[in-house]
Amino acid sequence: MADSNAVPGKPSPFADMAPITFEGPDSDNPLAYRFYNKDQKVLGKRMEDHLRMAVCYWHTFCWDGFDVFGAGTFNRPWQNPANDRDAADARMAAAFDFFKVLGLPFYCFHDEDVTEASDTPDALSNNFKRASDNLARYQEETGVKLLWGTAKLFGHPRYAAGGLTNPDPEVAACAIRQIRDCLEATHKLGGANYVLWGGREGYDTLLNTDLSRELENFGRFLSMVVEHKHKIGFQGKILIEPKPHEPMYHQYDFDVATIHGFLRRFDLLGEVHVNIEPNHSTLSGHSFSHEVATAVSHGMMGSIDINTGNYQNGWDTDQFNLDVRDITQALIELLPSGGFDTGGFNFDAKVRRQSSDEIDLVYAHVGGADALARALLSAADLIERGDIQAFKDERYAGWKGDLGRKMLANDASLESIADHAASAGINGKHTSGRQEYLENLINRSLK
């Protein structure tokens, strides 16, 4: 069992750990999957292929447990070698051993997650080139694949006022260089997507912000990202991650609907999709399932960073999402559209500061994987039963009738519809939405 008492300097406490395997719902083994059976067929597809789960590099291997009120509480062996390069190498060795233990197919990273500290853009570019070469070797050895890569445009002090939306063109140029390098590395590593998270693309006050300039620059430079994707032959999706605020007072990628309007404005619909995070959904005043349904409706669905927030707090707590009902309701919006193509469920979640042993990382991911598997089985049951879809079909059936077709006809007008309502004596009446009945159906199918 790996814990924080591992021998100091040992690069990977997971190297000799037995892989997590499926043992079924009756198992009492905390280091076994009870519901995640990767080869089980669900709605005609393997469970692994539905969920496409990934481990995130940053929370799992870079965070040392610090928060704004206190220093780090973790003492990871890969965080303690003699120098930054040794630490980066030890972190990568531990990461791929951890991926093998979990048996999940994908991982995700920021460029700075996989490198040593880099004081200048030149140093970061060189260090990241070395790190991406090492990642390629680890991928070849383990078979673990890259779900997506992204450039970290929010950590360095130069990005305090944003990356692509920065008021200083020199800072924006640094951001563009980082994106170019990371997009090309993601392509080289066979990544399925490339993400732009605009953590500081926004403002703290309008008193020092030229809103029009920043949005125009954001649209122009995003178009350049798409152009470069096609130039280098990258087949994956470009994804934007919605979040309303934090760290900025207001972020331009507020929610899925805001991004849809932004992409329409800059003629990028179909080129850019969304990477949805449940904790961000609730921060924007929406449910997780609402954001998924909106993305599916607009043809913008890309991927999901699966986590949840604490409903007592108003910030991004990035906890592992164990709410099977919540995930089920999102999946019944996602699966009928075909589910993921290039996307997947990335565990953008971190253990709590008091969960300080390395084994806690394993427990957290086992629980997260089983929650996703239970939700998938629950959603599949709802879809196969068909009761919810049948109710929706009946509720909206009038739009396929004579009146509905007449109102939606190309030659219909406000005047023609109003005149028909008057002449036909139409007096519409409410019919029940049966919300409680439908909520009971969800609970009936939960696994």
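Up top is the structure these notes are about.
Quick look at the structure, then.

What counts as what
Residues numbered from 1 in each chain as written. Predicted model: local features only at pLDDT ≥ 70, side-chain atom pairs only at ≥ 80, totals over all residues. Heavy atoms only, no water. Helix = DSSP H or I, 4+ residues; strand = E, 2+ residues; numbered from the N terminus. Rg over C-alpha atoms; globule rule 2.2 N^0.38 Å. Buried < 20%, exposed > 50% of the residue type's maximum accessible area, 1.4 Å probe, protein only. Contact = heavy atoms within 4.5 Å. Areas by Shrake-Rupley, 256 points an atom, 1.4 Å probe, with all protein chains shown as cover. Lys, Arg positive; Asp, Glu negative; His and termini not counted. Charge placed at Lys NZ, Arg CZ, Asp CG, Glu CD. Salt bridge = Lys/Arg side-chain N within 4 Å of Asp/Glu carboxyl O. Disulfide = S-S within 2.5 Å. Pairing = 2+ DSSP bridges. Axes fitted to C-alpha atoms, helices over the stretch in contact; angles between N-to-C directions. Phe/Tyr/Trp six-rings, centres within 6.5 Å; stacked < 30°, edge-to-face > 60°. Lys NZ or Arg CZ within 6 Å of the ring centre and 35° of its normal.

**Some remarks on the overall build of the chain**
Alright, step 1. Within the chain, the regular secondary structure consists of 15 helices and twelve strands.
Alright, step 2. Taken over the C-alpha trace, the chain has a radius of gyration of 24 Å; the compact-globule value for 447 residues is 22 Å, and the two agree within 12%.
Alright, step 3. By the burial criterion, 51% of the 447 residues in the chain qualify as buried.
Alright, step 4. A sequence separation of at least 24 residues applies to 76% of the contacts in the chain between residues at least 6 apart.
Alright, step 5. With the model as given, the accessible surface of the chain reaches about 21,000 Å², and the carbon-plus-sulfur share is 50%.
Alright, step 6. The average position of the 44 basic charges and that of the 64 acidic charges among the side chains of the chain differ by 4 Å.

**A look at the pattern of salt bridges**
Opposite charge on two side chains makes pairing possible when the charged atoms of those side chains draw close.
Alright, step 1. All told, the structure shown has 19 salt bridges when counted by the stated rule.
Alright, step 2. For the salt bridge of Glu 116 with Arg 85, the shortest nitrogen-to-oxygen distance reads 2.8 Å. Of the two residues, Glu 116 sits in the loop between strand S4 (106–110) and helix H4 (121–142) while Arg 85 sits in helix H3 (residues 84–102), which places them 31 residues apart along the sequence.
Alright, step 3. For Glu 116, a relative accessible area of 10% translates into the label buried.

**Here's the deal with the state of the cysteines**
Alright, step 1. Scanning the model with the defined rule gives zero disulfides in all.
Alright, step 2. Cysteine Cys 62 remains unbridged, with the sulfur of Cys 56 as its closest cysteine sulfur at 8.6 Å.
Alright, step 3. Left unpaired, Cys 174 is separated from the closest cysteine sulfur, that of Cys 182, by 15 Å.

**Examining the pairing of strand S3 (residues 53–56)**
Alright, step 1. Side chains of S3 alternate between two faces, with Met 53 and Val 55 and Ala 54 and Cys 56 buried alike.
Alright, step 2. As paired strands, S3 and strand S12 (residues 345–347) are joined by three bridges and run parallel to one another. The residue bridging Met 53 from the neighbouring strand is Phe 345, located in S12.
Alright, step 3. Where S3 lies against S4, three bridges are found, and the strand directions are parallel. For Val 55, the partnering residue across the bridge sits in S4 and is Tyr 107.

**What to know about the sheet that holds strand S10 (residues 272–276)**
Alright, step 1. An order of S3-S4-S5-S6-S8-S10-S11-S12 is seen for the eight strands of this closed barrel, with the pairing classed as parallel. For this sheet the average axis-to-axis angle between neighbouring strands, irrespective of direction, equals 30°.
Alright, step 2. Pairing of strand S11 (residues 301–305) with S12, which is carried by two bridges, proceeds in the parallel orientation. Bridged to Ile 304 within S12 is Phe 345.
Alright, step 3. Contacting strand S8 (237–240) and S10, helix H7 (residues 256–265) crosses the sheet at an angle of about 165° to S10.

**Things to note about the environment of Leu 335**
Alright, step 1. Along the polypeptide, Leu 335 turns up in the loop between helix H10 (324–334) and S12.
Alright, step 2. A C-alpha to C-alpha distance of 33 Å links Leu 335 and Ala 18, two positions 317 residues apart in sequence.
Alright, step 3. Non-local contacts of Leu 335, meaning those with residues more than four positions away in its chain, are made with Leu 43, His 50, Leu 376, Ala 379 and Ile 383.

**Here's the deal with the packing of aromatic side chains**
Alright, step 1. Tallied over the full model, the rule gives 21 aromatic pairs.
Alright, step 2. Measuring from centroid to centroid gives 5.2 Å for Phe 218 and Phe 262, while their planes differ by 40°, and the two rings are tilted. One end of the pair, Phe 218, is in helix H6 (residues 211–232); the other, Phe 262, is in helix H7, and 44 residues separate them in sequence.
Alright, step 3. Accessibility expressed as a relative area gives 4% for Phe 218, which makes it buried.
Alright, step 4. An aromatic cluster is built from Phe 14, Tyr 57, Phe 61, Trp 78, Phe 96, Phe 98, Phe 99, Tyr 107, Phe 109, Phe 128 and Tyr 138, whose rings are joined through pairwise contacts.
Alright, step 5. One cation-aromatic arrangement involves Arg 76 over Phe 74; the distance from NZ or CZ to the ring centre is 4.1 Å.
Alright, step 6. Arg 374 extends its terminal NZ or CZ atom over the ring of Phe 35, reaching a point 5.3 Å from the ring centre.

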